[in-house]
Structure formats: C-alpha cells, structure tokens
Amino acid sequence: MNAALFRCARSLFPIASAALVACGVAEAQNTSSVSGPVVSAGDREVEYRFGWVPGEDGGGERFGHRFDYSFAINERTGVKVAANFEDEPGEDIRFDNINVEYLIELSPEDADIWQTGIRFDARLSNGPDPERIGFNWLNQWQLSDRLRARAHLIATRQIGETAQKAIALEVRSSLSWKLGGGYDIALLNFTQLGSSDDFSVGGRVQQAGPALSGKLGNGYGWTAGTLFGLSDAAPENDIRFWITKSF
C-alpha cells in the first residue's frame, strides 16, 4: 500500500513543485518549522519553542510559547502533540490551542534522494477561535551529504459554528547545509496562499529568514533564527528560539 501511495505522490510532484517555493505561517508569532517526512522507529522527543515579535508601528511586542512531544509508533508512522500559549506584556499567559499530528512516511526505506509522506492534523482551540483539521504533503530531497531541501504543502479547514467554509492553503520550504561540528544553517520561507475561494499571495503573510542549529550533548539541541516580513501583512521581524531533547 505504501508503494502505491508513493507512486501516486510521485505523479503529483510536477504539479505541486511549481507551488512549493515558500512556507506557511501562524497568525501571530511563527513557531512553526518545515517538517520532514522521515520516521525512525524508537524516536522520541520533547521541545520548547519561543517566538518574539518586537513592537512596531506603535503596537506592543508579542511572545509565543509552544511545547511539543513527539514519538514514533513504528518505522513508518509517528505522532506529535503541540500546545501553544500566547504571552502579551501586562497580561497573563493564555493557553491558545493544542494540536495533534499523525505522520505517515510513504517513500521506500531505501529512498536515497526524494522522501515523501502525508500528515493529518487536528487543532482544538481555547476561546472563540474555531477548531481546525489539516492535510499535509511533506517532501525532502537529500541533494548531497551536506545539502538538504524540504517542501511542505498544507491544506486546512476550520470546523465549528464560526468556521470559514473555504480551505486555507499554505506552503513551506527550507534549504539547509551541514556546517560541520554539529552545526546546521538553514534558509526558511513561509507563505500563505489564500484559500480555495481566494487563491492569491496578495495581502497574505510571507516571511523568510535564516536559522542556525547546534547540539549540546546528551540528546539536547538548539535552534535560533529570525524571519523577516516579505509582505505588509507580516511583522518586520519574528525572532525564534527552541531547545530540543531527544531520547
């Protein structure tokens, strides 16, 4: 079954590759990454992510916190649970939403260049925000021993009484380079593509910027970077930092 799905994904690749030039973004602090499709049996990880948008145009600065726990069910499937919190000066930290992700790797175990997978997401929100479900197509290309590219297509739909009926579309991409000594540098790109009713990048959030990652030993790692706004809808700067513990 996985081989058949892989052949189907390969047939769709020429269509999707024309669009996979950037990456989707959250409405406030962007604590998202460009996910890969690879699952390894026994993997388990916890992660804390921090996002900071400095005040601009008379507005106050904003902070975001995200806590992740992910684990592999087997060598082909994995689950991640992520909780997001909003943090604005002068206000208490507020729980915003919780997300559950189910990833299925489709490419053969011996795929040496292109690896692909699909992911199903569900979000439960706190407060007036509607719930959300999503479908993701994740792709990764190992271009050399040191160079790797990723592209991540996302389609989401709100559910509930206040939900919008259109399907929202995003695309995420990254290009990363192993520097040696346990360090990686990456260029990330995030773009919202509108919706099934209004497909357009005009007036949407678009961001891009670098990220540097390193290892601390004992399974710990860190990532730090910033995103720059490429459109009027995006903040000028979105500063990000997270720390990871693998088991």
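Residues numbered from 1 in each chain as written. Predicted model: local features only at pLDDT ≥ 70, side-chain atom pairs only at ≥ 80, totals over all residues. Heavy atoms only, no water.

**Q** What is the right way to read the nonpolar core from this model?
**A** Of all hydrophobic cores here, the largest spans six residues; its members are V34, A186, L188, F190, A211 and L227. Broken down by element, the residue count for this core peaks at three residues, all from strand β9 (residues 183–195). The residues contacting A211, other than those within four sequence positions of it, are D184, I185, A186, L188, T223, A224 and G225. By size, the runner-up hydrophobic cluster in this structure holds five residues, among which are W114, W141, A149 and A151. (Core = buried A, V, L, I, M, F, W, Y, C linked by side-chain atoms within 4.5 Å. Buried < 20%, exposed > 50% of the residue type's maximum accessible area, 1.4 Å probe, protein only. Helix = DSSP H or I, 4+ residues; strand = E, 2+ residues; numbered from the N terminus. Contact = heavy atoms within 4.5 Å.)

**Q** Got a minute to help me understand the pattern of salt bridges in this structure?
**A** Close approach of charged atoms allows side chains with opposite charge to pair. Following the criterion strictly, the structure yields 12 salt bridges and no others. R66 is paired through a salt bridge with D68; the nearest N and O atoms lie 2.8 Å apart. There is no split in this pair, since R66 and D68 are both buried. Three or more residues joined by partner-sharing salt bridges are found here, namely E47, R49, R66, D68 and K80. (Salt bridge = Lys/Arg side-chain N within 4 Å of Asp/Glu carboxyl O.)

**Q** Where do I start with the side chain of T244 in this structure?
**A** Mapped onto the secondary structure, T244 falls in strand β12 (residues 237–246). Overall, the relative accessible area of 12% leaves T244 in the buried class. At 2.5 Å, the side chain of T244 forms a polar contact with the side chain of E47. What T244 contacts, discounting residues up to four positions off in sequence, is E45, V46, E47, G219, Y220 and G221. (Polar contact = N/O pair within 3.5 Å; in protein donor to acceptor, adjacent residues only side chain to side chain.)

**Q** Got a minute to help me understand the pairing of strand β5 (residues 114–125) in this structure?
**A** On any regular strand, side chains alternate: one points to one face of the sheet, the next to the other face. As defined by bridge partners, strand β4 (residues 94–105) adjoins β5 across nine bridges and the pair is classed as antiparallel. Considered in β5, the bridge of E101 is made with D121. From the end of β5 to the start of strand β6 (residues 131–142), which pair antiparallel, there are five residues, and G127 there has a positive phi angle of about 95°. (Pairing = 2+ DSSP bridges.)

**Q** Any chance you could explain the confidence of the model for the chain here in plain terms?
**A** Do not read the fine detail of predicted coordinates wherever pLDDT is low. Of the residues in the chain, 88% have a pLDDT of 70 or more, and the chain-wide mean is 89. Predicted confidence in the chain is weakest over helix α1 (residues 2–17), with a mean pLDDT of 46, and strongest over β6, with 98. Overall, residues 8–27 carries pLDDT values under 50, and its contacts beyond four positions in sequence, including any with other chains, amount to 44 contacts. (pLDDT = per-residue confidence, 0-100.)

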